[in-house]
Every structure is written in structure tokens, then in C-alpha cells.
Amino acid sequence: MNKKANKNGFTALLLVATLILVLLISGMPSAHKANKKDCAAITGIVQEIKNGSPGIIVHLKNDPKIYYISHKTNARIHTTDLEKLLKGKNVQLFTAHEWSPLDPFSSMKEIHRLQTADTVIFSEF
């Protein structure tokens, strides 16, 4: 009986470890570059722009999601310049259709293109 309990415990531990590994791997950001056809366009009025952990964070009015421009791709963009240029204005953000178990409700989205009606402010493609 003791060997059977040991075997069940080992099997459960192996199953949990495999599940954790799969979740970690599937939560890693993809290495491929986003393109316009794989992105969704979100339109809204800029409420706030600030620096944060993932990069430059953009909050849209009446939208609970957090949109950000990654530190890796925004070397030439400054938060203060963006705030002066975009606060209170209507913008269009392009974010990739990605899902992660680390963010199951997609409450944080990386911006791959940011534009106003007539000007592209930032673009990865």
C-alpha cells in the first residue's frame, strides 16, 4: 500500500510540474514581429500617458485595459513629448491578437502602432 501511495504522489507531482512548464512556455512573448494584418485597431481618447514597468503606458478614456509601448522598441519616444502631443486627443492603437495564461483577460496589450487621424506617432511595421 505504501508503494502505491508513493507512486500516486510522484505521478501527481509530475503532472503538476508539466502543467506549470506548459503555462510558463505558453506565456512567453512570441519572437515573431507583429504586422498590421495580425493586429486589432482600438480607437479612443488618451486620458493619461506615463512611464511604467513594461514601458510607456497609455490609458484611454472609458477603457480599463492598459496599453503600453515596450522599452525595447521605444528608444526615441519620450513620455513627456507624447503626453503634450496626445493627451485628450483621439488616437488609434494597433495591438496584436495574443493570449497568455499569465494575462487570461488580456488586460495588458502591447502597442505596435500608434497614430492620430493624420500622423503616425510610432510604428513597428
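Keep in mind that what you see is a predicted model, and the values were worked out from it rather than measured. (Residues numbered from 1 in each chain as written. Predicted model: local features only at pLDDT ≥ 70, side-chain atom pairs only at ≥ 80, totals over all residues. Heavy atoms only, no water.)

1. With respect to a nonpolar patch on the surface
- A cluster of nonpolar side chains, namely Val16, Ile20 and Leu24, defines an oily patch on the protein surface of about 270 Å² accessible area.
- Along the chain, the position of Ile20 falls in helix α1 (residues 2–26). (Patch = residues over 30% accessible without salt bridge, like charges linked within 9 Å, V, L, I, M, F, W, Y side chains within 5 Å. Areas by Shrake-Rupley, 256 points an atom, 1.4 Å probe, with all protein chains shown as cover. Salt bridge = Lys/Arg side-chain N within 4 Å of Asp/Glu carboxyl O. Helix = DSSP H or I, 4+ residues; strand = E, 2+ residues; numbered from the N terminus.)

2. Brief notes about the nonpolar core
- Ranked by internal contacts, the top residues of the largest apolar core, which has 17 residues, are Leu60, Ile69, Leu82, Leu86, Ile111 and Leu114.
- When residues of this core are traced back to their parent elements, those giving at least two are β1 (39–51), β2 (55–60), β3 (66–70), α2 (79–86), β4 (90–96), β5 (108–115) and β6 (120–123).
- For Ile111, the contacting residues outside a window of four places in its chain are Val58, Tyr67, Tyr68, Ile69, Leu93, Phe94, Thr95, Phe122 and Glu124. (Core = buried A, V, L, I, M, F, W, Y, C linked by side-chain atoms within 4.5 Å. Buried < 20%, exposed > 50% of the residue type's maximum accessible area, 1.4 Å probe, protein only. Contact = heavy atoms within 4.5 Å.)

3. Regarding the pairing of β6
- As paired strands, β5 and β6 are joined by three bridges and run antiparallel to one another. By the bridge assignment for β6, Leu114 is matched with Phe122.
- Taken together, β5 and the strand that follows it, β6, pair antiparallel across an intervening segment of four residues. (Pairing = 2+ DSSP bridges.)

4. What about the pairing of β4?
- Of all seven residues that make up β4, five are buried, and the element is covered over most of its length.
- With seven bridges connecting them, β1 and β4 associate as antiparallel partners. The residue of β4 that forms the bridge with Ala40 is Thr95.

5. Digging into the side chain of Thr95
- Relative to the assigned elements, Thr95 resides in strand β4.
- Look past the residues within four positions of Thr95 in its chain and what remains in contact with it is Asp38, Cys39, Ala40, Ile42, Tyr67, Lys109, Glu110, Ile111 and His112.

6. Looking at α2
- Every buried residue of α2 is listed here: Thr79, Leu82 and Leu86. For α2, the angular spread of the buried residues around the axis is 65°, confining them to a single face. Exposed positions of α2 whose direction lies more than 90 degrees from the buried face are Thr80 and Lys84.
- Where the residues of α2 are buried, they touch β1, β2, β3, β4, β5 and β6.
- A positive backbone phi angle near 85° is found at Gly88, which sits one or two residues after α2. (Arc of directions from axis to C-beta.)

7. Focus: the pattern of salt bridges
- Applying the stated criterion across every chain yields a total of one salt bridge.
- In this structure, Glu83 and Lys87 form a salt bridge, with 3.7 Å as the shortest nitrogen-oxygen distance.

8. Some points on the environment of Gly44
- For Gly44, the location among the structural elements is in strand β1.
- Gly44 sits in the buried class, given a relative accessible area of 11%.
- Separated by 46 residues in sequence, Gly44 and Asn90 place their C-alpha atoms 5.4 Å apart.
- With residues up to four places along the chain from it excluded, the contact list for Gly44 reads Leu60, Lys89, Asn90 and Val91.

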